[in-house]
Amino acid sequence: MEEKSFFMTNAGHLTLAFIAIVIAFVVLLIGLNAASDGLCLLGFVLVMLAMLFSPFKKFILKK
Amino acid sequence: MNIPINLFMWIMAFLPIVVLLVLMIKFHWGATEAAPIGLIITVFTGLVFYKADIKLLASESAKGIWNALIIILIIWTAILLYQVADEAKAFQVIRDGMRKLLPNELLLVLAMGWIFESFLQGITGFGVPVAVGAPLLIGIGVLPLWAVVLPLLGQAWGNTFGTLGAAWDALAMAAGLEPGSASYLTTALWTGGFLWIWNLFTGLVICWFYGRGKGIKKGLPAVLIMSVIQGGGELLLGQMNTTISCFLPSCISLVVIMLLGRMKMYRDEWKIEDSPIMNRAFTESAKEEEKSDMNLLQAFVPYILLSALTLIVLLVTPVKNALEVVSIGFAFPETSTGYGYVNSAVECFSPLKPFTHASMFLFLSAMVGLIYYKKHGWIKEGGTGRVFAKSISMTMPSGIAVIGLVIMSNVMGGTGQTMVLADGIAGVLGKGYAVLAPIVGVLGSFMTGSNMSSNILFGDFQLTTANLLKLDVSPILAAQTTGGSIGSAVSSSKIVLGTTTASILGKEGEVLKKILPVTLIPALLIGVGLFVMIVLL
C-alpha cells in the first residue's frame, strides 16, 4: 500500500524515469557492443523519453 | 577534422546553454525540467549541424549515464546519512551542545553558520548544510533570512573538495586529469590557493554581517585561525589526498572552534545588542522542545565513523590496494562525426571502484548510525522506512538533472560543439578570457545548482579554451572550480532548500539580493588576479 502511494508521488514518477534510464543504459551497451544501430536507437529514444517525462508532466499534463 | 568554425555553428553550439539559462532564470524552471530541454537541443544540433550519427549519440549517452550513476551514488548516500541524523534529532543535540560551549555570540554564529556547514559540506553536500544549518541558526536567534544567507556562504568554500571530493573528481574527469599526475597536482594547488582566499573572505563577511566593523574586530583572530586550518589545510592535503582535503580540515576546525570558546578572548558572554542579523525577541521566547537524552558525542557517531572509515581505507595503502581490486567499467567503440571529429575507443571507461568509493563510506556510516540510533530508541517505529523514502525523494530530482546535464556535456564534447564554442570565444576575447574563467564556473553552479555539475558542464570547455589560447591550463581549471564553488552560494536549488527549512519559502529573491554582491566581487577579483598572474607576469 505504502509502496503504491510512493509511485504516485512526483519522487515516485522520477524514480520510474530513473529506472527506465538504467534499462536504456543496458540496451545502449548491448547495442554498442553488438554494433546494432537498431538497439542503439531504441536505447537512445528510451533515454530521451525518460528525460522528457518531468518537463512533459509539469508543463503539459498538469496544464 | 574539418568542422566549419563560423558564427552560425558557434551560435548553435551555444544555444542549449542559453536555453538552460533562460528557462532557469527567467522562467524559474528547475534543473530537472530544464536539463532535458537543453539536451534535446544539443542532440538536434549534433545530428543536423555537426553530422553525428546514432552510434555516436548512443555512445556519448551511455558514457554520460555511467558517469551520472557514479555521481548519483554519492548524492543518495550523502542524503541518506543526513536523513538518519535528522530522524534521530541529532542536529538539535548538536545545536544545544554548541550553545553551551560557545558563550560568545559571534563565535557561536561563526560555528553554526560557517564551521558546522563546512563540516557537513566535507561529507555530504548537495544542499544538506543549508537545509540543516538554516533551522539551527534560527534556533540560536538568527533572523530567518540571514539563517539562509549564512549557511549558503559558509558551505560554499568546501564545494570543490567537499562530499569527499566529488566536484573535484568531476573536474578531473571532464578535463581528463589523471590522478597523481603533474597537471592534476598543479591544478589542485591553484584551486587550493583560490579557495583559501574565498574561505577567508567568507569568514570576514559573516563577521561583517553580524556587527560591521565591531564584528570584524572581534572575529578577526578566530577567522584567521579557522581559515589557516580550513583553507591552508585544504591546500596542503590537496597535494596528498583530494578525497579528504576538505573533510579533514573541516573536522579539525570544528574541534578547534570549541577550544577557541575556552580562550580568554572568547570565553565570556559577548554579543552586539543591535546586530542586524539577530532577532532578540525570538531568542527570548524560544520554544521548549522535547529533550533528548543523546549527548553531543553520540550525535556525532555516524560522522566519527565516517571519518575513521575514510581515513583508514584511503590512507592505509595495503587496505586501499586490497579493496581496489574490484573495479567496474565498460568498453566503448570509436565514434566519429561526418566532419571527421573522432572520439577514440576506450577499453574501460571511467571505472568505478565500489569499495573505495566515497558512496561506500557514506552508506556504511549511515547504516551503522541507523542501527546505533535505533538501539538507543532515538529512531522510532517506522523511522527506517521514512529515512529511505525521504532519501530517495530528495535524490531523484537532482539525479535526473545530473543525468541530463552529464549527457548534454558528453554529446556537446563528442560532436565537437564544445571545441567550436571554445574556439569562438578564444578568437574574440583572446587571453582576456582569463578574467571571465571564474565567472563561467559561477554561471555553471547558478544554472545547475552544484559545483560538480558546473565542472561537468564547463570543465572540458575551459580546458579546450585554455589550450586554444595557449594559456596555462591548471589555473584556468582552478578558476573554473573556484567559480563553481563560489556560485554554489547563489544556486537556486540550494536557496530553495534553505528557505524551505527556514519556513520563508518565496523569499528567494531577497536571499539572492543579499548574497549576490558578496559572491560576484570575489569571483571577479580572482579572475583579474588570474589574468595578471598568467598573462601579464
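Residues numbered from 1 in each chain as written. Chains lettered and ligands numbered in written order. Predicted model: local features only at pLDDT ≥ 70, side-chain atom pairs only at ≥ 80, totals over all residues. Heavy atoms only, no water.

1. A few points about the overall build of chain A
- From N to C terminus, chain A includes 3 helices and 0 strands.
- Relative to the compact-globule value of 11 Å for 63 residues, chain A shows a C-alpha radius of gyration of 14 Å, a clear excess of over 25%.
- Its C-alpha atoms put chain A at 40 × 30 × 10 Å along the principal axes.
- Looking at chain A residue by residue over its 63 residues, the buried ones come to 40%.
- When contacts within chain A are restricted to residue pairs at least 6 apart in sequence, long-range pairs at least 24 apart make up 33% of them.
- Of the roughly 3700 Å² of accessible surface on chain A, 73% is carried by carbon and sulfur atoms. (Helix = DSSP H or I, 4+ residues; strand = E, 2+ residues; numbered from the N terminus. Rg over C-alpha atoms; globule rule 2.2 N^0.38 Å. Buried < 20%, exposed > 50% of the residue type's maximum accessible area, 1.4 Å probe, protein only. Contact = heavy atoms within 4.5 Å. Areas by Shrake-Rupley, 256 points an atom, 1.4 Å probe, with all protein chains shown as cover.)

2. Points about the interface of chain A and chain B
- Taken together, the contact pairs 25 residues of chain A with 32 residues of chain B.
- Across the chain A to chain B interface the summed buried area is about 2500 Å²; carbon plus sulfur atoms make up 88%.
- By the criterion of area lost to chain B, the three top residues of chain A are Phe25(A), Leu32(A) and Met51(A), representing 25% of everything that side buries.
- Taken together, the links from chain A to chain B amount to 1 salt bridge.
- Here Lys58(A) ties to Glu33(B) by a salt bridge, and the two come within 3.8 Å at their closest N and O atoms.
- At the boundary of chain A and chain B, one finds 1 residue pair in polar contact (both at pLDDT 80 or more).
- Tallied by class, residues from the side of chain A that touches chain B come to 20 nonpolar, 3 polar and 2 charged. (Buried area = accessible area lost by both parts, 1.4 Å probe. Salt bridge = Lys/Arg side-chain N within 4 Å of Asp/Glu carboxyl O. Polar contact = N/O pair within 3.5 Å; in protein donor to acceptor, adjacent residues only side chain to side chain. Nonpolar A, V, L, I, M, F, W, Y, C, P; charged D, E, K, R; others polar.)

3. Overview of the packing of aromatic side chains
Residues and elements named next belong to chain B.
- For the coordinates displayed, the defined rule picks out 28 aromatic pairs over all chains.
- Both rings, one in Trp146 and one in Phe209, keep their centres 4.7 Å apart while their planes meet at 55°; by these two values the pair is tilted. Pair noted here: Trp146 is in helix H7 (residues 144–156) and Phe209 is in helix H9 (residues 182–237), with a separation of 63 residues, a long-range link. There is no split in this pair, since Trp146 and Phe209 are both buried. (Phe/Tyr/Trp six-rings, centres within 6.5 Å; stacked < 30°, edge-to-face > 60°.)

4. A word on the state of the cysteines
- For the structure on display, the rule yields 0 disulfides over all chains.
- Here Cys207(B) stays free of any disulfide, with the sulfur of Cys246(B) as its closest cysteine sulfur at 19 Å. (Disulfide = S-S within 2.5 Å.)

5. Some remarks on helix H15 (residues 358–375) of chain B
- Taking 1.5 Å per residue as the helical rise, H15(B) with its 18 residues ought to reach 26 Å, and the 26 Å between its terminal C-alpha atoms agrees with that figure.
- If you check which residues of H15(B) are buried, you get Ala358(B), Ser359(B), Phe361(B), Leu362(B), Ser365(B), Ala366(B), Met367(B), Gly369(B), Leu370(B) and Tyr373(B). (Expected span 1.5 Å × (residues − 1).)

6. Here we look at the environment of Pro354(B)
Residue and element names in this part refer to chain B.
- By secondary structure assignment, the location of Pro354 is in the loop between strand S4 (346–352) and H15.
- When the C-alpha positions of Pro354 and Ala308 are compared, they lie 18 Å apart, and in sequence the two are 46 residues distant.
- Not counting residues within four places of it along the chain, the set of residues in contact with Pro354 comprises Val326, Ile328 and Met360.

7. Examining the confidence of the model for chain A
- For chain A, the mean per-residue pLDDT works out to 89, and 92% of the residues sit at or above 70.
- Per-element confidence in chain A ranges from a low mean pLDDT of 63 for helix H1 (residues 2–6) of chain A to a high of 94 for helix H2 (residues 10–33) of chain A. (pLDDT = per-residue confidence, 0-100.)

8. Some remarks on the packing of helix H6 (residues 128–139) of chain B against H7(B)
Residues and elements named next belong to chain B.
- For the pair H6 and H7, the least separation of the axes is 8 Å and the interaxial angle reads 140°. As far as their axial angle goes, H7 and H6 are oblique. Seen along the crossing, H6 lies across H7 with a hand that is right-handed. For the pair H6 and H7, contact is made by Pro129, Val130, Gly133, Ala134, Leu137 and Ile138 and by Pro144, Ala147, Val148, Leu150, Pro151, Leu152 and Gln155, respectively.
- Grouping the amino acids of the contact of H6 with H7 by side-chain chemistry returns 11 nonpolar, 2 polar and no charged. (Axes fitted to C-alpha atoms, helices over the stretch in contact; angles between N-to-C directions. Parallel < 35°, antiparallel > 145°, perpendicular 65-115°, else oblique. Left-handed = near helix turned anticlockwise from the far one by under 90°.)

9. Re the packing of helix H1 (residues 7–26) of chain B against helix H2 (residues 31–48) of chain B
Residue and element names in this part refer to chain B.
- Between H1 and H2, the shortest axis-to-axis distance is 9 Å and the interhelical angle comes to 165°. With respect to H2, the element H1 is oriented roughly antiparallel. Between H1 and H2 lies a crossing whose hand is right-handed. Taken together, the residues of H2 that come into contact with H1 (itself represented by Met12, Ala13, Leu15, Pro16, Val19, Leu20, Leu23 and Met24) are Ala31, Ala34, Ala35, Ile37, Gly38, Ile41, Thr42 and Thr45.
- Classifying every residue of the contact of H1 with H2 gives 13 nonpolar, 3 polar and no charged.

10. Topic: the nonpolar core
Residue and element names in this part refer to chain B.
- In this structure, Phe91, Phe116 and Phe119 are the most contacted members of the largest nonpolar core, which totals 203 residues.
- Looking at this core element by element, the count peaks at 21 residues for helix H3 (residues 54–87).
- When near neighbours in sequence (up to four residues on either side) are disregarded, Phe119 contacts Phe247, Ser250, Cys251, Leu254, Phe300 and Tyr303. (Core = buried A, V, L, I, M, F, W, Y, C linked by side-chain atoms within 4.5 Å.)

11. Some remarks on the side chain of Gln462(B)
Residues and elements named next belong to chain B.
- Within the secondary structure, Gln462 is located in helix H19 (residues 451–468).
- Given the relative accessible area of 0%, Gln462 is considered buried.
- Contact partners of Gln462, with chain neighbours within four places excluded, come to Tyr433, Ala437, Val440, Gly441, Ile476, Leu477 and Gln480.

12. Topic: the environment of Ile17(B)
- With respect to the element layout, Ile17(B) can be found in helix H1.
- For Ile17(B), a relative accessible area of 4% translates into the label buried.

13. Some thoughts on the pattern of salt bridges
- Applying the stated rule across the entire model yields 5 salt bridges over all chains.
- Put simply, Glu105(B), Glu273(B) and Arg280(B) are held in one network by salt bridges that share partners.

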